[in-house]
Every structure is written in structure tokens, then in C-alpha cells.
Amino acid sequence: MKPPVAPSAGNIAAADIGPPAVSICLNVLRKRADFLRAAKALRRSTKSIHVQARNRETDEDRTGIYVGYTCSKKVGNAVARNRAKRRLRAVARRVLPEIGKWGWDYVLIGRANVTASYPFDEMCTDLKSALAKLHQDQP
């Protein structure tokens, strides 16, 4: 059995090339203090996602877009929470490089009984509309 052959550069159509597999501009929030600061800032809810956002400005040395993910036990058991977080990460990778603002922290929170099963394209649309409203409402 032979492994598949990669197509040559001349055979790849523009439609075959999708978004990059890894986004280089998204960084992950890891410290509790970062999540707490985002919780005190702007927030917006949609049917599938709750979004918290904070403009870091010059208070920290970090650059780029930072994103954190969280799902409480209300979302379901461990399997449902992990599925919801995987979907939140996928939505963030698709939407934040386009619409997210450099120098902002975003926290995406899964919603009970919704995030794990909501249609993916509608989740992307929900996140885009939430970000548009958050950036419009900023002081």
C-alpha cells in the first residue's frame, strides 16, 4: 500500500486552500487573574456563547489577541464540557483573527445545553455579532 502523494503547487486550486490550521496571532489566557479582569470588563451574550472582552491598553507587556475558554458544570458532564470547549476554540480560531482587535483579551463561555450542539456556522455568526457590539460599546 502506497501513501497518498501530495499535490504539486500547480494543481492546487484557490478554493482548496482554507483558513490556516494554526493561527499565530491568538494566545491563550492561563492565569485566573486574567479571567477575573475580563469578567469585570465588557460582556455580551448570544444564544450559543457568552463573551467577555477587555482592552489591555498599556497595563501589560503582552501583545496580540488573547483568548480564554471556560465551561461550568452547568454545561454538562466532562464529555459535554470538553466538546463545548473544543467548539469554542474552533470558533475563536475562525473568527478572532478576522474581527478580534489587537491588544484585547476575550473569554468565551459555553452555555448550558447549547454550545455543544449548536450549529457551528451559527456559532461563528453569534461570535461575530457579539464582537461587533462589544467594540461598538467600548468607552
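So, here is what we can say about the structure in this document. (Residues numbered from 1 in each chain as written. Predicted model: local features only at pLDDT ≥ 70, side-chain atom pairs only at ≥ 80, totals over all residues. Heavy atoms only, no water.)

1. Structural notes on the overall build of the chain
Regarding its fold elements, the chain presents three helices and five strands. Starting at the N terminus and walking to the C terminus, you meet the elements of the chain as β-α-β-β-β-α-β-α. Only carbon and sulfur atoms are counted for the fraction: they give 54% of the accessible area of the chain, which is about 8900 Å². (Helix = DSSP H or I, 4+ residues; strand = E, 2+ residues; numbered from the N terminus. Areas by Shrake-Rupley, 256 points an atom, 1.4 Å probe, with all protein chains shown as cover.)

2. As for unusual backbone geometry
Phi at asparagine 113 takes a positive value of approximately 60 degrees, unusual for a residue other than glycine. Secondary-structure assignment places asparagine 113 in the loop between strand 5 (104–110) and helix 3 (120–137). Taking the relative accessible area as the measure of exposure, asparagine 113 reaches 67% and is therefore exposed. (Buried < 20%, exposed > 50% of the residue type's maximum accessible area, 1.4 Å probe, protein only.)

3. Focus: the sheet that holds strand 5
Pairing between sheet strands relies on hydrogen bonds along the backbone, with the strands arranged either parallel or antiparallel. The five strands lie next to each other as 1-4-5-3-2, forming an open sheet whose pairing is mixed. At either margin of the open sheet sits one strand with a lone partner, and together these are strand 1 (26–28) and strand 2 (42–45). For this sheet the average axis-to-axis angle between neighbouring strands, irrespective of direction, equals 25 degrees. The sheet contact formed by strand 1 and strand 4 (residues 65–70) spans three bridges and is parallel. For valine 28, the partnering residue across the bridge sits in strand 4 and is valine 67. Contacts from helix 1 (residues 32–39) reach strand 2, strand 3 (49–55), strand 4 and strand 5, with the element oriented near 95 degrees to strand 3. The strands touched by helix 3 are strand 2, strand 3 and strand 5; relative to strand 3, the strand with the most contacts, the crossing angle is about 35 degrees. (Pairing = 2+ DSSP bridges. Axes fitted to C-alpha atoms, helices over the stretch in contact; angles between N-to-C directions. Contact = heavy atoms within 4.5 Å.)

4. Description of the pairing of strand 5
Look at any regular strand and the pattern is simple: side chains alternate between the two faces of the sheet. In terms of burial, strand 5 is a largely internal element, seven of the seven residues being buried. Side chains of strand 5 alternate between two faces, with Trp104, Tyr106, Leu108 and Gly110 and Asp105, Val107 and Ile109 buried alike. Note: strand 3 against strand 5, seven bridges, orientation antiparallel. Within strand 5, the residue paired with asparagine 55 across the bridge is tryptophan 104.

5. With respect to the packing of aromatic side chains
With the rule as written, the count across this model stands at one aromatic pair. Between tryptophan 104 and tyrosine 106, the ring centres sit 6.2 Å apart and the planes meet at 15 degrees, which makes this aromatic pair stacked. Above the plane of the ring of tyrosine 69 lies arginine 89, whose end atom (NZ or CZ) is 6.0 Å from the centre. (Phe/Tyr/Trp six-rings, centres within 6.5 Å; stacked < 30°, edge-to-face > 60°. Lys NZ or Arg CZ within 6 Å of the ring centre and 35° of its normal.)

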